Amino acid sequence: MALPLWLITETLTRLAIGVVLLFIWWPSVALPQYPEMARIDRMAANAAQMILFLIVVGYILTASHLLYWVPLVVLIFLLRFTVRPKYRSRYELATNSRLAAVFLAELDRLATAPGRLWQGAVGGWHRFWRNFRLPPLYGWVAGFTTLLVISVAAWTRFWGNWTHAALTYSDAYVVIVWMKGILAQNLFVNGIYPRGFHLVLAQMDKLTLASPVVFEKFFGPAVGLAMVLSVGYSAWRLTGRVAPGIVAMTLYGTLFFLFPYVVDRQAATDSQEFGNIFALPTAYFVYQSWVAPNEKGWRWIAVCLLTIAGLVHPIPLLNAVIAAVAGTVAGWMAGGIDRKTLRWYSRFVPLAAVVVILPVAVPHLLGIPLYGSAATFLTAKSTAPPLTISLVAKAAAASCVLLFLLRLIRRQDGGQIGAPLVALFVLAGAVLIQQLPHFGINSALLSTRSGELVAFAEALGLAMGWCLIEELIGWVVRDKAATWMSLLSALVLSVYAWLVFPPPALTPYSMTSDAYVYAYEKIATTQTPGTWLAISNNFGYSLALDQGFQIDIPTFVSHVSATSSFRWPHYSPGGGAKPYPLAQSEIFLFVNHHYHLAPAAVAGPLYAAIDRHDSALMKAWLQVWDAHHPAATIFFNSSELTVYELSLQPSATAAAGGSASGGG
């Protein structure tokens, strides 16, 4: 069972608009630009700066209980005129005040906007036709191949969420609660945990005004696709060739069996995957900062990427640090140690560390505890043996070494010679983390989550191997012919690999059925917010939060009498307090029949047993209720779930009583 098509389409449209506004348009308007970078690098730099800005400002505004978008837009507006080079307009000359000049200039821009837009459109149209040039054929083929790979990778990650309404992984419900908590100006619901990912998610949801549950459901696959793009971008920029980037995306994004990571996580929504987007780009930007030390933009973006990873999750921070060390060592070998760059890093890396530590240290000093399950997982020990170094890892390492030797023999410039070393050192660091049990470090966190960086590094190393083949062919034939042969081979072999090893649609486990989430979204989209109450299992808390109210079934059955003479259920708090009518105008009672989308769910049998017990309680309560009152109507029914509705109006005394607590 899938969510309604119109709701999915609307949510994905809003998500796309949010990405364009937040990570492409606003950074290009408000944040520093670096003309020394290629256009694709500037886009990556803009996105990194904007994400860091959203996280830092989000922390400050949420902690200070300020409204989000008014101060955020004001800050962006101010940045637009303070970060960019200063100018002296006629208004500033007349008023001798920069602030007044900015205000008057903006009024002038608004007043003349329609005319300028028309003139710009007409002029742009004429310039387009006057200078129209078709991109070279190679550009068309490369673009088509890239789009094809991205489409296949997107299908594997989005299809399961498109066809199933259930939220994937137990983390989904925690993410929703934390996202809604941030929107309610509450940073540390359930305890201390890095909130970088949740701040970005909350602000994007606030901007797009999408359904929080559906938005969270599809933001996860979008993050998984961004991880594929991150691998392809890093391979492209480090090799200097398009085809190796396409090969890296094909391998990492669609041929999952080659790599030691849990690919289902890329169709779910979790902070670790979001943080891992920045691992390989960190290696690239750090490396560029050493081989091009006079261009300061590389240093700043590298520190931004490190800071983002640290504000999101400890595992991505570890991955980013390994990548930064790899980029540094390779940069020193290729370009030497630039003292100015070294001094700059010695100042700003400690500052970034302070920024990363503060959101955890300050609430801890204020007495807020760590998030329970995260603290337990952080200190848990692993009994699993260390993984053996795979054939794929060995092939990736050999590819890096051979490409380095080839470029050394051809005496290419330092930046090109050192690029294979970046991939080699990232792979070495990732494999070393996996082998830590050999040295007595048996961390469950590292043993279960270290495979992601290994997969990144292996895909990047194999891309170096493809670049090696392309450059060897370029020795025999013209380099242009070798480039064409490499691109066409990447296209043909990608399609052939998909025919031999069809990429599966990822369907991670869920803690609830499709019908469960579908019913909640149906209630949320058809009922007035705050007027309804759901009686369901504990997973309903996050779905009802900020939209309605929720009480778990055992609490409801034990506190609300089904034989009451009143026409509306009365809630009886413990301790002999006087019962009061439930104030919501609609009550929805959930009775589960089928409990999990996939049996692989952690503690699935336990939750299934709890659901069976709760459903039996709910059925018994309804039978007694129907014997003493007008029968409850069926609001939603399927083989997985039946939702009953009590739509009687509350008694007149309801206004004097309280409302149900514990849900929204």
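This structure is a prediction, so every number in the text was calculated from the model and none was measured.

Reading the values: rules and limits
- Residues numbered from 1 in each chain as written.
- Predicted model: local features only at pLDDT ≥ 70, side-chain atom pairs only at ≥ 80, totals over all residues.
- Heavy atoms only, no water.
- Helix = DSSP H or I, 4+ residues; strand = E, 2+ residues; numbered from the N terminus.
- Buried < 20%, exposed > 50% of the residue type's maximum accessible area, 1.4 Å probe, protein only.
- Contact = heavy atoms within 4.5 Å.
- Areas by Shrake-Rupley, 256 points an atom, 1.4 Å probe, with all protein chains shown as cover.
- Phe/Tyr/Trp six-rings, centres within 6.5 Å; stacked < 30°, edge-to-face > 60°.
- Lys NZ or Arg CZ within 6 Å of the ring centre and 35° of its normal.
- Pairing = 2+ DSSP bridges.
- Salt bridge = Lys/Arg side-chain N within 4 Å of Asp/Glu carboxyl O.
- Axes fitted to C-alpha atoms, helices over the stretch in contact; angles between N-to-C directions.
- Patch = residues over 30% accessible without salt bridge, like charges linked within 9 Å, V, L, I, M, F, W, Y side chains within 5 Å.
- Expected span 1.5 Å × (residues − 1).
- pLDDT = per-residue confidence, 0-100.
- Bend = angle between axes of the 7 residues up to and from the residue.
- Parallel < 35°, antiparallel > 145°, perpendicular 65-115°, else oblique.
- Left-handed = near helix turned anticlockwise from the far one by under 90°.
- Nonpolar A, V, L, I, M, F, W, Y, C, P; charged D, E, K, R; others polar.

Peer 1: Give me the lowdown on the overall build of the chain, citing residues and values where you can.
Peer 2: Scanning the chain from N- to C-terminus turns up 26 helices and seven strands. The buried share of the chain, taken over its 664 residues, is 52%. Across the chain, every contact between residues at least 6 apart in sequence was considered, and the portion connecting residues at least 24 apart equals 76%. When the accessible area of the chain is evaluated, it comes to approximately 29,500 Å², of which 68% is carbon and sulfur surface.

Peer 1: Lay out the packing of aromatic side chains in plain terms, naming residues and giving numbers.
Peer 2: The full count for this structure, using the stated rule, is 32 aromatic pairs. Ring geometry for Tyr284 versus Phe285: centroids 5.4 Å apart, planes at 75°, classification edge-to-face. With respect to class, Tyr284 is no different from Phe285; both count as buried. Ring-pair connections join several aromatic residues into one group, and the members of that group are Phe197, Phe215, Phe219, Phe274 and Phe278. In this structure, Arg237 packs its charged tip against the face of Trp236, placed 5.4 Å from the ring centre. When the ring centre of Phe635 is taken as reference, the NZ or CZ atom of Lys522 above it lies at 4.9 Å.

Peer 1: Could you give an account of the pairing of strand S6 (residues 633–637), naming the residues involved and the relevant values?
Peer 2: Relative to strand S7 (residues 641–646), S6 is paired through four bridges, and the arrangement is antiparallel. Its bridge partner being in S7, Asn637 is matched across the sheet by Thr642. The turn linking S6 back onto S7 is made up of three residues.

Peer 1: If you had to explain the pairing of S7 to someone new, which residues and values would you point to?
Peer 2: The element S7 is extensively covered by neighbouring structure, given that five of its six residues are classed as buried. Relative to S7, strand S5 (residues 586–592) runs antiparallel, the two being bridged by six bridges. Each residue of the ladder has a partner; that of Asn592, found in S7, is Leu641.

Peer 1: So what's going on with the pattern of salt bridges? Residues and values would help.
Peer 2: Taken as a whole, this structure holds eight salt bridges when the rule is applied. Measuring nitrogen to oxygen at the nearest pair gives 2.8 Å for the salt bridge that ties Asp270 to Arg265. With relative accessibility at 11%, the residue Asp270 sits in the buried group. Classification of Arg265 as buried rests on a relative accessible area of 10%.

Peer 1: Report on the side chain of Asn319, specifying residues and quantitative values.
Peer 2: Tracing the backbone shows Asn319 in helix H15 (residues 314–335). Note on Asn319: relative accessible area 4%, which makes it buried. Beyond its immediate stretch of four places on either side in the chain, Asn319 contacts Asn276, Ala279 and Leu453.

Peer 1: So what's going on with the sheet that holds strand S1 (residues 532–536)? Residues and values would help.
Peer 2: Read across the open sheet, the five strands follow the order S2-S1-S5-S7-S6; overall the sheet is mixed. Among the strands making up the open sheet, the edge pair consists of strand S2 (549–552) and S6. The mean inter-strand angle of the sheet, taken between neighbouring strand axes irrespective of direction, is 25°.

Peer 1: Residue-level account of a nonpolar patch on the surface, with values.
Peer 2: A cluster of nonpolar residues, Phe257, Val495, Tyr496, Leu499, Val500 and Phe501, forms a patch on the protein surface that exposes about 620 Å² of accessible area. Relative to the helices and strands, Tyr496 is located in helix H22 (residues 479–500).

Peer 1: I'd like to hear about helix H2 (residues 39–63), residue by residue, with values.
Peer 2: Counting along an α-helix, one turn takes 3.6 residues, and residues three or four places apart therefore face a common direction. Compared with the 36 Å implied by 1.5 Å per residue over 25 residues, the 36 Å span of H2 between its first and last C-alpha is a close match. Following H2 by one or two positions, His65 adopts a phi angle in the positive range, close to 60°.

Peer 1: How would you summarise the confidence of the model for the chain if you had to cite specific residues and measurements?
Peer 2: Per-residue pLDDT for the chain has a mean of 84; in total, 85% of the residues score no lower than 70. Scored below 50 in pLDDT, residues 84–96 makes 25 contacts in the model with residues more than four places away or belonging to other chains. Note that pLDDT drops below 50 for residues 650–662; the model gives that stretch 25 contacts with residues more than four away or on any other chain.

Peer 1: Outline the side chain of Thr168, supporting the account with residue identities and numerical values.
Peer 2: Here Thr168 lies in the loop between helix H7 (137–163) and helix H8 (171–183). Here Thr168 falls in the buried class, since its relative accessible area comes to 9%. Filtering out sequence-adjacent residues up to four positions away, Thr168 remains in contact with Asn161, Ala267, Ala268, Pro508 and Tyr509.

Peer 1: Any details on H7? Residues and values, ideally.
Peer 2: Spanning 27 residues, H7 covers 37 Å between terminal C-alpha atoms, matching the ideal 39 Å at 1.5 Å per step. Its maximal kink placed at Arg157, H7 deviates by approximately 35°.

Peer 1: I'd love a proper account of the packing of helix H1 (residues 5–30) against helix H10 (residues 212–239), names of residues and values included.
Peer 2: At a minimum axis separation of 10 Å, H1 and H10 run at an interaxial angle of 60°. Considering the angle they form, H1 stands oblique to H10. Crossing of H1 over H10 shows right-handed handedness. Where H1 approaches H10, its residues Leu7, Ile8, Thr11, Leu12 and Leu15 are matched on the opposing element by Val214, Phe215, Phe218, Phe219 and Ala222. Here the contact of H1 with H10 is composed, by residue class, of nine nonpolar, one polar and no charged.

Peer 1: With reference to specific residues and values, describe unusual backbone geometry.
Peer 2: Not every positive phi belongs to a glycine, and Tyr169 is a case in point at roughly 70°. Tracing the sequence through the fold places Tyr169 in the loop between H7 and H8. A positive phi angle is found at Gln185, which is not glycine, with a value near 65°. Residue class for Gln185 comes out buried when judged on its relative accessible area of 15%.

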